[in-house]
Amino acid sequence: MEYITTGIEALRADLVVGFAKRKFLHKGMPMLEKLSPQQRFLATSGFIVGALLVLAFCLAAIATPGIWKWLVSGMIALAGATLAWALRKLIKDIGIHEASVMRSKQEAENILSAVGDGLFLLNKDFEIGEQHSKALLRMFSRDAIAGENFFDIMRNLVPEKIARTAKDYLELLFGERVNERLVQDLNPLDVVELNFDDGQGAFETKFLGFRFKRVFVAGKLSHLLVTVSDISKRVLLEQELR
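In this text the structure is predicted, and so the values were computed from the model without any measurement. (Residues numbered from 1 in each chain as written. Predicted model: local features only at pLDDT ≥ 70, side-chain atom pairs only at ≥ 80, totals over all residues. Heavy atoms only, no water.)

(A) Highlighting the overall build of the protein. Helix and strand counts for the protein stand at 9 helices and 5 strands. Mapped in sequence order, the helices and strands of the protein form the string α-α-α-α-β-β-α-α-α-α-β-β-β-α. Residue burial in the protein is summarised as follows: out of 242 residues, 30% are buried. Sequence-distant contacts, at least 24 apart, represent 47% of the contacts inside the protein between residues at least 6 apart. When the accessible surface of the protein is totalled, it reaches about 16300 Å², and 61% of it is carbon and sulfur. (Helix = DSSP H or I, 4+ residues; strand = E, 2+ residues; numbered from the N terminus. Buried < 20%, exposed > 50% of the residue type's maximum accessible area, 1.4 Å probe, protein only. Contact = heavy atoms within 4.5 Å. Areas by Shrake-Rupley, 256 points an atom, 1.4 Å probe, with all protein chains shown as cover.)

Okay, structure coming up:
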């Protein structure tokens with residue numbers, strides 16, 4: 001019965017360690033705090049599966065006579081070692097992947113912070129995406145713009161006729177059979193005058209240029225990538241030279 005006692009003691013030790021880890025986790029144990037929710041889930045699941053395996057082998061050993069006892073003990077050790085190796089490798093791979101995703105996300109945020117043009121994605125409901133350049137907020141004189149309807153904003157800044165024509169144009173772009181290059185010259189927002197309320201009873205006039213590029217995901221039209229440029233200086237210079 002010695003090998004059974006050893007197996008049960010190992011299981012008891014695993015349970016104690018698991019409890020201690022949960023306890024330290026709530027207290028902010030640095031090692032566990034570094035794990036993501038996915039990694040913690042895997043670690044917990046692995047512990048439970050490992051404990052059940054050890055228990056199952058121990059119960060099987062009780063009913064196994066003779067030399068098979070040593071074989072069952074070896075199987076217990078092998079199963080535990082294999083599970084621990086596989087779980088450790090899986091957690092490590094997930095950590096590497098998550099670190100790569102975080103780096104890519106940070107790089108994208110750095111680009112959106114530094115770029116001078118307004119950049120954002122527009123879905124088929126004409127809603128502005130969560131990710132956009134900081135310059136977009138400055139151009140539209142807003143503190144937040146993500147999730148808002150593009151034409152709800154534009155109707156307050158341009159004549160209704162231009163807003164309607166622009167909506168018809170974007171609906172045309174969202175049609176997958178339309179040749180994007182052939183309709184670029186129809187863009188009613190290529191150069192547009194926008195009047196912003198300055199909060200003091202007057203208006204600030206800006207000239208913005210909008211360019212639209214269709215974005216396909218898995219072969220299907222998903223969004224429009226919108227690039228907005230502040231062309232006020234160029235337009236004013238052209239007006240002075242006329």
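(B) Structural view of a negative patch on the surface. A contiguous patch of negative charge, built from Asp197, Asp198, Glu204 and Asp230, is present on the exposed surface. Relative to the helices and strands, Glu204 is located in strand S4 (residues 203-217). (Patch = residues over 30% accessible without salt bridge, like charges linked within 9 Å, V, L, I, M, F, W, Y side chains within 5 Å. Salt bridge = Lys/Arg side-chain N within 4 Å of Asp/Glu carboxyl O. Lys, Arg positive; Asp, Glu negative; His and termini not counted. Charge placed at Lys NZ, Arg CZ, Asp CG, Glu CD.)

(C) Up close: helix H7 (residues 160-173). Compared with an ideal rise of 1.5 Å per residue, which puts 14 residues at 20 Å, H7 spans 20 Å between its outermost C-alpha atoms and is within 8% of the ideal. Within H7, burial applies to Ala163, Ala166, Tyr169, Leu170 and Leu173. In an axial view of H7, the angular spread of the buried residues amounts to 125°, which keeps them on one side of the axis. Opposite the packed face of H7, turned more than 90 degrees from it, sit the exposed residues Lys161 and Asp168. Lining the buried residues of H7 we find strand S1 (118-122), helix H6 (150-154), helix H8 (180-183), S4 and strand S5 (220-230). (Expected span 1.5 Å × (residues − 1). Arc of directions from axis to C-beta.)

(D) Examining the side chain of Thr227 more closely. Position of Thr227 relative to the elements: it lies in strand S5. Thr227 gets classed as buried once you look at its relative accessible area, which sits at 13%. Excluding residues that lie within four positions of it along the chain, Thr227 makes contacts with Asp117, Gly118, Leu119, Gly209, Phe210 and Arg211.

(E) Structural detail: the sheet that holds strand S2 (residues 128-132). Taken together, the 5 strands give an open sheet; going across it, the order is S2-S1-S5-S4-S3, and neighbouring strands pair in antiparallel fashion. The open sheet has two free edges, formed respectively by S2 and strand S3 (192-197), since each of these has just one partner strand. In this sheet, neighbouring strand axes are inclined to one another by 40° on average, regardless of whether the strands run parallel or antiparallel. Here S1 runs beside S2; their pairing, made up of 2 bridges, is antiparallel. Residue Leu122 lies in a different strand from S2, and its bridge partner there is Ile128. (Pairing = 2+ DSSP bridges. Axes fitted to C-alpha atoms, helices over the stretch in contact; angles between N-to-C directions.)

(F) Structural view of the pattern of salt bridges. Per the counting criterion, the structure on display carries 5 salt bridges. With its nearest N and O atoms 3.7 Å apart, the salt bridge here joins Glu238 to Arg234. Of this pair, Glu238 and Arg234 both sit in helix H9 (residues 232-241), 4 residues apart, which is roughly one turn of the helix. Note on Arg234: relative accessible area 45%, which makes it partly exposed. Linked through salt bridges whose partners overlap, the residues forming this network are Asp152, Arg155 and Glu160.

(G) Inspection of the nonpolar core at higher detail. If you look at the biggest cluster of nonpolar residues, it comprises 34 residues, and the most contacted ones within it are Leu122, Phe140, Phe150, Leu170, Leu194, Phe210 and Phe212. When residues of this core are traced back to their parent elements, those giving at least two are S1, helix H5 (134-139), H6, H7, S3, S4 and S5. Here this core gets 5 residues from one element, more than from any other, and that element is H7. Once residues within four sequence positions are removed from consideration, Phe210 is found in contact with Phe140, Phe150, Met154, Asn187, Leu189, Asp190, Val192, Val226, Thr227 and Val228. (Core = buried A, V, L, I, M, F, W, Y, C linked by side-chain atoms within 4.5 Å.)

Coordinates in, geometry out; function isn't part of it.
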